[in-house]
Amino acid sequence: AGSGGSACGPCGVNASCGADAMCVCDAGFKGDGQTCEDVDECGDQKDDCAESATCTNTEGGFECACPSGTVGDPLVACEARYDEVVTGVYHSCARRTDGATFCFGNGGSGKLGNASSAHQAAPVQAGAASTWVQLSAGTNHTCGLKQSGNAWCWGSNGFGQLGTGNLDTQTLPAFVSLDRVWKKI
């Protein structure tokens, strides 16, 4: 049971005697002073995390953190950090420190790798993977090497430049069908 005084009597768990001699729930909890439930500050948007940070509810409180691939003060702002940027003729892709890849610019022929051929002025994630270790961009396509040593490519494939065994345009990263582990792309 929570603390109480002779004026309050015994208070519930996570409650204490208030200034008016009534049992009240402690900070981060809600209820009648006898039964107190944890407040979900994150879900109720009562946290003070930066918009770019993640909020995790804890017993009686919450924690703010910068997501993977970003740095900063989670109460002020989290900024993405990139290890590599490659450019094609009208598109660019950047590999974030956590291995996720984001592309922007002319999306024609699926060269941004986001299942679309629409142009994007702001970065969009290429595929769902966060295991990229190297990128290379051509005129209308991009290729990436994953931690596994597998090569993947996306975009225009009219001359078979993606190495997928066909001439089909790929709007998402497609596995390069050569039986080998790649060291560099």
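For the structure, check the block above.
Described in the following lines is the structure provided in the data block. (Residues numbered from 1 in each chain as written. Predicted model: local features only at pLDDT ≥ 70, side-chain atom pairs only at ≥ 80, totals over all residues. Heavy atoms only, no water.)

As a further point, take the side chain of His-141. Tracing the backbone shows His-141 in strand β14 (residues 141-146). Residue classification places His-141 among the buried positions, given a relative accessible area of 16%. (Helix = DSSP H or I, 4+ residues; strand = E, 2+ residues; numbered from the N terminus. Buried < 20%, exposed > 50% of the residue type's maximum accessible area, 1.4 Å probe, protein only.)

Before going further, it helps to spend a moment on the sheet that holds strand β11 (residues 101-105). The sheet built from 4 strands is open, its strands ordered β9-β10-β11-β12 with antiparallel pairing. Edge positions in the sheet fall to β9 (82-87) and β12 (120-125), since each of these pairs with one other strand and no more. The average undirected angle you get between the axes of adjacent strands in this sheet is 20°. Where strand β10 (residues 91-96) and β11 come together, 5 bridges link them in antiparallel fashion. Pairing of Cys-93 across the sheet is with Cys-103, part of β11. (Pairing = 2+ DSSP bridges. Axes fitted to C-alpha atoms, helices over the stretch in contact; angles between N-to-C directions.)

A few words now on the packing of aromatic side chains. Each aromatic ring pair is described using two quantities: the centre-to-centre distance and the angle formed by the ring planes. Per the stated rule, a full pass over the model turns up 2 aromatic pairs. When the ring of Trp-152 is compared with that of Phe-175, the centres are 5.5 Å apart and the planes differ by 70°; the resulting orientation is edge-to-face. Here Phe-175 lies in strand β16 (residues 170-175) and Trp-152 lies in strand β15 (residues 151-155), a separation of 23 residues in the sequence. For Phe-175, a relative accessible area of 38% gives the class partly exposed. When the ring centre of Trp-132 is taken as reference, the NZ or CZ atom of Lys-146 above it lies at 5.1 Å. One residue, Lys-146, lies across the ring of Trp-152, its end atom 3.9 Å from the ring centre. (Phe/Tyr/Trp six-rings, centres within 6.5 Å; stacked < 30°, edge-to-face > 60°. Lys NZ or Arg CZ within 6 Å of the ring centre and 35° of its normal.)

On to the environment of Phe-104. Inspection of the secondary structure puts Phe-104 in strand β11. Among residues more than four places away in sequence, those in contact with Phe-104 are His-91, Ser-92, Leu-112, Gln-120, Ala-122 and Pro-123. (Contact = heavy atoms within 4.5 Å.)

Of all hydrophobic cores here, the largest spans 10 residues; its members are Val-86, Cys-93, Cys-103, Leu-112, Val-124, Ala-126, Ala-129, Trp-132, Leu-135 and Trp-154. With 7 residues, the next largest nonpolar core counts Cys-8, Ala-15, Phe-29 and Cys-36 among its residues. (Core = buried A, V, L, I, M, F, W, Y, C linked by side-chain atoms within 4.5 Å.)

Moving on, we come to the side chain of Thr-164. Take Thr-164: it is sitting in the loop between β15 and β16. Polar contacts involving the side chain of Thr-164 include one to the side chain of Asn-157, which spans 3.3 Å. Side-chain polar atoms of Thr-164 contact the side chain of Asn-166, separated by 3.1 Å. Contact partners of Thr-164, with chain neighbours within four places excluded, come to Asn-157, Ala-174, Phe-175 and Ser-177. (Polar contact = N/O pair within 3.5 Å; in protein donor to acceptor, adjacent residues only side chain to side chain.)

Phi is positive for Ala-21, which is not a glycine, with a value near 65°. Tracing the sequence through the fold places Ala-21 in the loop between β1 (15-17) and β2 (23-25). A relative accessible area of 31% places Ala-21 in the partly exposed class. Positive phi is not limited to glycine here, since Gln-45 has a value of about 55°. Along the polypeptide, Gln-45 turns up in the loop between β4 (36-38) and β5 (54-58).

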